[in-house]
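# Reading the structure
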Amino acid sequence: MTDERTRLEDTTVRESTAHLREKAGRRRDEAPQCPYLLVMTGRMKHKKILLLAGRTLIGRDPSCHLVLDDPCVSARHLRLVRRPEGVYGEDLDSANGTLVNGQPPEATQPLRHGDRLQIGRTELEFRYPTATIIPNGTD
């Protein structure tokens, strides 16, 4: 049962990530500067979740982009919204709440590279790599 559940989780994350890439019109190798979540704990440890779409929903419900099999996670727990000025997290009145760097977030919390999100028993790290800019005429 556990192996089946892990395969299901892996498939769900892979399909959700592929769906987000497709929606954004990018391939995996074309999005190195895209913000993403790195799973730091649990069975999905070290998985990257690309944040390509305008909104990413995290929770236990199978309709979420990132499905966490954790009884401490609400069905629809957290929404991440990508805007031109950055990525924002919004707890969706979850039963157990969300922590950003160990603190309850503001209503709509701007996320910064390296922020740690605690959702139930799962810890995620928000990463937003920056592009390297090479001035014209220096190559």
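In this report, we go over the structure that sits alongside the text. Keep in mind that this is a model prediction, so the values were computed, not measured.

### Looking at the environment of Gly59
- You can see Gly59 is positioned in strand E3 (residues 55-59).
- Among all residues touching Gly59, those that are not within four sequence positions of it are Cys64, Leu66, Val67, Leu68, Val73, Ser74, Ala75 and His77.

### Points about the sheet that holds strand E10 (residues 122-127)
- Strand order in the open sheet formed by five strands is E2-E1-E10-E9-E7, with antiparallel pairing between adjacent strands. Two strands close off the open sheet at either side, each with one partner strand: strand E2 (48-50) and strand E7 (98-100). Sheet twist, expressed as the average angle between the axes of neighbouring strands with direction ignored, equals 25°.
- Examined bridge by bridge, strand E1 (residues 36-39) and E2 share three bridges and lie antiparallel to one another. Paired with Tyr36 across the two strands is Leu50, which belongs to E2.

### Side note on the side chain of Ser74
- Along the chain, the position of Ser74 falls in the loop between strand E4 (66-67) and strand E5 (78-83).
- Separated by 3.0 Å, the side chain of Ser74 and the backbone nitrogen of Ala95 make a polar contact.
- In contact with Ser74, not counting residues within four places along its chain, are Gly59, Arg60, Ser94 and Ala95.

### Here we look at the nonpolar core
- One finds Leu37, Ile58, Leu80 and Leu124 to be the most contacted residues of the largest nonpolar core, which totals 18 residues.
- Counting residues per element, the ones that place at least two in this core are E1, E5, strand E9 (116-119) and E10.
- Dropping the residues within four chain positions of it, Leu80 is found in contact with Leu37, Leu51, Gly54, Arg55, Thr56, Ile58, Val87, Tyr88, Gly89 and Leu111.
- By size, the runner-up hydrophobic cluster in this structure holds five residues, among which are Cys34, Leu38, Leu50 and Leu52.

### Comments concerning the pattern of salt bridges
- Going through the model one piece at a time under the given rule, you end up with five salt bridges.
- A salt bridge links Arg116 to Glu125, with the nearest nitrogen and oxygen atoms 3.0 Å apart.
- On the accessibility criterion, Arg116 (32% relative accessible area) is partly exposed.
- In the salt-bridge network here, residues are joined through shared partners; they are Arg116, Glu123, Glu125 and Arg127.

### Examining the pairing of E5
- Sheet topology note: the E3/E5 ladder contains four bridges and is antiparallel. Within the sheet, the bridge partner assigned to Arg55 lies in E5 and is Val81.
- For E5 and strand E6 (residues 86-91), the ladder comprises six bridges, and the chain directions are antiparallel. Within E6, the residue paired with Leu80 across the bridge is Gly89.
- Linking E5 to E6, which pair antiparallel, is a turn of two residues.

So, how was this worked out
Residues numbered from 1 in each chain as written. Predicted model: local features only at pLDDT ≥ 70, side-chain atom pairs only at ≥ 80, totals over all residues. Heavy atoms only, no water. Helix = DSSP H or I, 4+ residues; strand = E, 2+ residues; numbered from the N terminus. Contact = heavy atoms within 4.5 Å. Pairing = 2+ DSSP bridges. Axes fitted to C-alpha atoms, helices over the stretch in contact; angles between N-to-C directions. Polar contact = N/O pair within 3.5 Å; in protein donor to acceptor, adjacent residues only side chain to side chain. Core = buried A, V, L, I, M, F, W, Y, C linked by side-chain atoms within 4.5 Å. Buried < 20%, exposed > 50% of the residue type's maximum accessible area, 1.4 Å probe, protein only. Salt bridge = Lys/Arg side-chain N within 4 Å of Asp/Glu carboxyl O.

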